[in-house]
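Remarks on the overall topology
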Amino acid sequence: MAELHDLTALEQGALVRRREVSPRELVEHYLRRADRLDSVGAFVTLTPELARARADALGAPGPERSPLFGVPTAIKDLNLTAGVRTMFGSTAFADFVPDVSDGVTLSLEGAGLVSVGKTNTPEFGSPCYTEPEVGPPAVTPWDRTRTAGGSSGGAAAAVAAGLVPLAQGSDGGGSIRIPASCCGLVGLKPTRGRISGHPMYGDPVGLATAGPIARTVRDAAAMLDVLAGRRAGDPSWAPPPSSSFLSSCDRDPGRLRVARFIEPVITDTPVDPDCVQAWEDASLLLESLGHEVVDVAVPLPREAVPLFETCWAVLTALSVVPPEKEHLLRPLTRWLADRGRAVSGPEFGLAIGAVRRHAAAALTALAPYD
């Protein structure tokens, strides 16, 4: 018989619904694994007593509940969790305990998922690797000499190592997609407005959003169903889907048109031959399934990169750190914040507009493809 951690999140949820396993048993299983096997820098805070209490309080799952009801998960250390330390990956907030939870945390708890702790993230989520002062580096369990990526590196390391079956991440410039790639997982950055930024709304650019990290597409879709939805005060929201994201996984897609390109967007660099081969293999697989694969030009121009960097620097500068604790920040954070503070209001507004125009042009160019 398979171990519990070998099952998908949805399979574990099905066991809970059939009362073949309890949420408490799942929580205990993953707490033991996290305590024994977290040599990958997955967690910065474990919450065993809180997880046990929430699991015990769940009761029986009703038919209207999420198929992930009773399944353990973890929350990124950038997300507010009432009564649980939230450090934002920074020693400047090493003792910060929020008195409110954000919309992502509330959605997960409301659907009956049970968080066993806070996952590792770099300071304020700025870089694409996870090496904060408040925790060990996050590494991929497939090769502990290599990074798990960032900024959701802890979340991806936790899922890949089987310390939780799925986890929430967040992504502004690749912070879900990069760790998912490094750890061999499914990571989805949803469209803007799909998931609420309540109550902080700290990203005026609209780059960042929460999203799922999982081992299977269906698990990721089920988590997206839990996270999706607007809250009062949201500045914008995506149109609600006509059906659940999970049900879409079981729909025949028909023959798809798939666009592909391999030229790097950010810089001039050769692509590793192994990556090229994987790209070709994936293309051949899609064609063998009856889909059309089309080579297209890179949909974003190089001039979009410095505009993104301007926006990213300003977002770092918006991280409010008490003046007496600024000396605790890492050099990269200080450099980005100083760069952001040097950007004028009109410059920032123009950069936001230009980024949105580049995004619109890319969406237009890719619109003919599925």
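Relevant structure appears above.
Scope of this entry: the structure provided in the associated data block. No experiment lies behind these values; they were computed from the predicted model shown. (Residues numbered from 1 in each chain as written. Predicted model: local features only at pLDDT ≥ 70, side-chain atom pairs only at ≥ 80, totals over all residues. Heavy atoms only, no water.)

Attention shifts here to helix H4 (residues 103-110). Those residues of H4 not exposed but buried are Gly103, Val104, Thr105, Ser107 and Leu108. Considering only its buried residues, H4 is in contact with strand E2 (72-76), strand E4 (166-171), strand E6 (209-214) and helix H7 (217-227). With a side-chain oxygen lying 3.2 Å from the backbone nitrogen of Val104, the N-terminal cap of H4 falls on Asp102. Gly112 sits one or two positions beyond H4 and adopts a positive phi of about 90 degrees. (Buried < 20%, exposed > 50% of the residue type's maximum accessible area, 1.4 Å probe, protein only. Helix = DSSP H or I, 4+ residues; strand = E, 2+ residues; numbered from the N terminus. Contact = heavy atoms within 4.5 Å. Polar contact = N/O pair within 3.5 Å; in protein donor to acceptor, adjacent residues only side chain to side chain.)

Under the criterion given, the structure shown has zero disulfides. Looking at Cys311, it has no disulfide partner, and the nearest cysteine sulfur is the one in Cys128, 18 Å off. With a relative accessible area of 1%, Cys311 lands in the buried category. (Disulfide = S-S within 2.5 Å.)

With that settled, the discussion passes to helix H1 (residues 9-17). Extensive coverage of H1 is indicated by the burial of seven of its nine residues. Within the span of H1, buried status applies to Ala9, Leu10, Gln12, Gly13, Ala14, Leu15 and Val16. A positive phi of about 60 degrees marks Arg19, the residue just after H1.

Another aspect to go through is the sheet that holds E4. Reading across the sheet, the three strands line up as E4-E6-E5 and stay open at both edges, with antiparallel pairing between neighbours. Looking at which strands have only one partner, the edges of the open sheet turn out to be E4 and strand E5 (186-187). Across six bridges, the pairing between E4 and E6 is antiparallel. Opposite Ala167, over in E6, you have Ile213 as the bridge partner. (Pairing = 2+ DSSP bridges.)

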